[in-house]
Every structure is written in C-alpha cells, then in structure tokens.
Amino acid sequence: MSTPDSVSPLSADDIAAITGNLDEVADRARAAAEASGRSGDDVRVLLATKTQPAEKIRVALGHGFTLIGENKVQEITGKAEALADLDPETHLIGPLQRNKVNHTLRHAQCIQSVDNLPLAEKINNRLDVLDETVDYFIQVNTSREDSKFGVAPEDAEELITATRALGRMRLRGLMTIGLPGSSPEEIRPSYSDLRELSETLRGSGVMPAEAAELSMGMSGDFELAIAEGATIVRVGSSIFGARDYS
Ligand SMILES: *Cc1c(COP(=O)(O)O)cnc(C)c1O
C-alpha cells in the first residue's frame, strides 16, 4: 500500500504517539467532566495546532477530532487547503489584527479572541459585505495581570452589549488564557472568575442564555478548567509534543 499519495512524512511511531495522546486527553477530559457531575459530551477538546504541520493535524482529524484552533491567521490560511477534505471546525484563538479580518473570515468559523469594539466593528462590517455570520467568544483577562489581550472583567459588560448590537456575530461564550508558568492554584481563580462572570452576565441578560460556552484550560491544567466549568479546552503540546518555533 505505498502509492505516492498514501506516503505520509510521519512514521508509524509518530502517528501512534499522536493517536495515543489523543485517546489519553479525551479519556482524562471525560473523567474530569464526569467527576464534576457533567457528561463527557459537555466538553470538547480543541486541538491547539500552532506551529504543527498539516500532516500531524490530519492524523488527529482522522482520529475523530473535529475542532482545531490556530493563533495566527497566516497559519490558518496556510493549512486550510491541505485539510479541506476533512472539513475541520476552525477557531482563531490568538490575537486578531484588524487588517487580517478578511482572511480570517475566509477560513475560520469562530473567533475566540474578540476583546475590543473596533475589532468587532471591523468583523461585522466585513460580514455585512459577505452577507454572512460568524461565531465569537469575548476574550476576558481574568488572570489579574497586565496583559495586552483580553478585556478587563469589569469592562466585559459594556463590550458585550456593544458587540451584540452589531447584529451579524453570534456570541457563544467567554474565553480566557491562564497566565503562562503559573501553578494550578494560581490559575484556578482565573477560571472560576470566568465562570462566575458568565453566570452573572447571562443572569442579567447581558449575554443570551445560549452563550454558555467557556473556553479555558490548556495541556497543563485542562482537568482543573473542566472542574471549573470549561466546555472547550484548548490542548496542544500534550497531543502533538513540544512546539518547534524555528
Ligand atoms: C498554544 C495555546 C494553547 C495550548 O497550549 P498547550 O500548553 O500546548 O496545550 C491553548 N490556548 C491558546 C490561546 C494557545 O495559544
């Protein structure tokens, strides 16, 4: 079975490592959901695929995973064609510059990193031209640190009210990124804060009831994030191995 088309640059060992990791992450996510009184189906594993080649992502999509997240628009565009036959659901999980909105909307079904109104307006204007809609999350900085990314929790209500009024974007929930290098005890409050913010904003009608998704948790802490209510965990290195930024 070795026509040129079927030759993968990945070895059988590489492929077995990825599928083994996928099974392990899926098992751990399910167990964490059930331990917190939810169904395993309530939590989706998003494959955080930055720097990973399309061949590796293809293995994961072939193994039954459907949701991928890229940080850079260029990487989404670069891999979209190679993965088109597998039709993944693609989310942008990294910061979006306004001049990259058009490219993003071509390939991403969801933008998880909306954190300012000018960006939302730019997205909405483009959607008007295309006569399309897009899903989005509001990224909130709940890590209590200075960060360029994510709206401050106290400003989330105003931003959400303004973006919802734009009309073409469908709010799915809130997203946060835990502070890199923190211990689980340090990260946990930023996840519980996001859940509480979501409950408050849905309770008061600022967010619609169906915008109940919480995107939080990565390789080092996804079980903790699930315990705090995550519905999407974004897992990269524990599936694909360490990233090569060279
Ligand atoms: C890279 C990345 C992840 C995944 O990180 P890992 O530690 O490799 O699992 C999750 N979310 C965002 C926004 C990322 O950039």
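A quick note: this is a predicted structure, and the numbers were derived from the prediction, not measured.

Draft legend 1. Up close: the site of the ligand. Around the ligand sit A48, K50, N71, I93, I177, M218, S219, R234, V235, G236, S237 and R243, and that is every residue in its neighbourhood. Between G236 and the ligand, the recorded distance is 2.8 Å, taken from a backbone N or O atom to an oxygen atom. One of the side-chain nitrogen or oxygen atoms of R243 is found 2.7 Å away from an oxygen atom of the ligand. Starting from 390 Å² of accessible surface for the ligand in isolation, the protein chains cover 90%. Taken together, the residues that form the shell around the ligand break down as five nonpolar, four polar and three charged.

Draft legend 2. How the structure looks around the side chain of E75. Inspection of the secondary structure assignment puts E75 in helix α3 (residues 73-83). Side-chain polar atoms of E75 contact the side chain of K79, separated by 2.6 Å. E75 has contacts with T49, K50, T51, Q52 and E70, leaving out every residue within four places of it along the chain.

Draft legend 3. Spotlight on the pattern of salt bridges. Tallying each qualifying case throughout the model produces 18 salt bridges. A salt bridge links E24 to R28; the nearest nitrogen and oxygen atoms lie 3.6 Å apart. Here R28 and E24 lie together in helix α1 (residues 12-35), a separation of four residues that amounts to about one turn. Exposure remark for E24: the relative accessible area of 43% places this residue in the partly exposed category. Take R28: its relative accessible area is 28%, and that puts it in the partly exposed class. D135 serves as the salt-bridge partner of R172, at 3.1 Å between the closest nitrogen and oxygen. A residue pair is termed long-range when its members are at least 10 positions apart, and R172 in strand β6 (residues 169-175) and D135 in strand β5 (residues 134-139) qualify at 37 residues. Summarising the burial analysis for this pair, R172 and D135 share the class buried. Several salt bridges share partner residues, and in doing so they unite R44, E89, D135, R170, R172 and E213 into one network.

Draft legend 4. Expanded view of the pairing of β6. For β6, the tally of buried residues reaches six of seven residues, placing the bulk of the element in the interior. Taken together, the six bridges between β5 and β6 define a ladder with parallel strand orientation. Considered in β6, the bridge of Q139 is made with M175. A crossover links β5 with its parallel partner β6, the connecting element being helix α6 (residues 156-166), and its sense is right-handed. Across three bridges, the pairing between β6 and strand β7 (residues 213-215) is parallel. The residue of β7 that forms the bridge with L174 is L214. Between β6 and its parallel partner β7, the chain crosses via helix α7 (residues 184-203), and the hand of that crossover is right-handed.

Draft legend 5. Quick peek at the packing of helix α2 (residues 54-62) against α3. At a minimum axis distance of 10 Å, the contact between α2 and α3 shows a crossing angle of 55°. Here α2 is positioned oblique relative to α3, judged by the angle of their axes. When you trace α2 past α3, the crossing you get is right-handed. Across the interface between the two elements, A54, I57, R58 and L61 of α2 pack against K79, A82 and L83 of α3. Looking at the contact of α2 with α3 residue by residue, the class counts come to five nonpolar, no polar and two charged.

Draft legend 6. Summary view of the confidence of the model for the protein chain. Confidence in the prediction for the protein chain averages 94 pLDDT; 97% of positions are at 70 or higher. Within the model, the stretch residues 1-6 combines pLDDT values under 50 with one contact to residues more than four positions away or in other chains.

Draft legend 7. Quick look at the environment of G20. Relative to the helices and strands, G20 is located in helix α1. Using a relative accessible area of 33% as the deciding quantity, one classes G20 as partly exposed. Put simply, G20 and I239 are 219 residues apart on the chain and 8.4 Å apart in space, counted from C-alpha to C-alpha.

Draft legend 8. Local environment of α3. Taken as a whole, α3 has its buried residues at V73, E75, I76, K79 and L83. The arc that holds every buried residue of α3, seen down its axis, measures 140°, which confines them to one face. In this structure, α3 carries G78 and E81 as exposed residues pointing more than 90 degrees from its buried face. Against α2, β2 (67-70), β3 (89-92) and α4 (101-107) lie the buried residues of α3.

What counts and what doesn't
Residues numbered from 1 in each chain as written. Predicted model: local features only at pLDDT ≥ 70, side-chain atom pairs only at ≥ 80, totals over all residues. Heavy atoms only, no water. Near = heavy atom within 4 Å. Polar contact = N/O pair within 3.5 Å; in protein donor to acceptor, adjacent residues only side chain to side chain. Areas by Shrake-Rupley, 256 points an atom, 1.4 Å probe, with all protein chains shown as cover. Nonpolar A, V, L, I, M, F, W, Y, C, P; charged D, E, K, R; others polar. Helix = DSSP H or I, 4+ residues; strand = E, 2+ residues; numbered from the N terminus. Contact = heavy atoms within 4.5 Å. Salt bridge = Lys/Arg side-chain N within 4 Å of Asp/Glu carboxyl O. Buried < 20%, exposed > 50% of the residue type's maximum accessible area, 1.4 Å probe, protein only. Pairing = 2+ DSSP bridges. Right-handed = clockwise from strand over helix to strand, strands pointing away. Axes fitted to C-alpha atoms, helices over the stretch in contact; angles between N-to-C directions. Parallel < 35°, antiparallel > 145°, perpendicular 65-115°, else oblique. Left-handed = near helix turned anticlockwise from the far one by under 90°. pLDDT = per-residue confidence, 0-100. Arc of directions from axis to C-beta.

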